[in-house]
Amino acid sequence: MKTDIGGDNAPFTAEEGAQTAVYLATLADGGAQGQFFAEMRKFGSPIQLQW
């Protein structure tokens, strides 16, 4: 994230980095659980990782 720690060359702003967490935190009951997700970026929803 583009913060004091991440520096200006980081790929995302703090607001962009928070999008995935906000999306997942506001899912309806019964939404995604027990899975790993990556950045939302431009996809409109998080990318589910195949771990």
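All residue numbers refer to position in the chain's written sequence, counted from 1. Totals for whole chains, interfaces and linings use every residue, but because this is a predicted model, local features are given only for residues with pLDDT of at least 70 and side-chain atom pairs only at 80 or more, for both listing and counting. By convention in this description, side-chain values take in all heavy atoms of the structure and omit both hydrogens and water.

A. A look at the overall build of the protein. Helix numbering and strand numbering both begin at the N terminus, where a helix is a DSSP run of H or I of at least 4 residues and a strand a DSSP run of E of at least 2. Assigned secondary structure in the protein consists of 1 helix and 0 strands. Each residue is assigned to one of three classes by its accessible area relative to the maximum for its type, calculated with a 1.4 Å probe on protein chains only: buried under 20%, partly exposed between the two thresholds, exposed over 50%. Sorting the 51 residues of the protein into buried and exposed places 12% on the buried side. Contacts between residues were defined by any pair of non-hydrogen atoms, one from each residue, lying within 4.5 Å. Residue pairs in contact within the protein that sit at least 24 positions apart in sequence constitute 8% of those at least 6 positions apart. Accessible surface is estimated by sampling points in the Shrake-Rupley manner with a 1.4 Å probe; for residues, cover comes only from the protein chains shown. Counting every atom, the protein has about 4,300 Å² of accessible surface; 52% of that belongs to carbon and sulfur.

B. Quick peek at the environment of Lys2. Along the chain, the position of Lys2 falls in the segment before α1 (14-25). Once the C-alpha coordinates of Lys2 and Thr13 are considered, the two residues, 11 residues apart in sequence, prove to be 4.9 Å apart.

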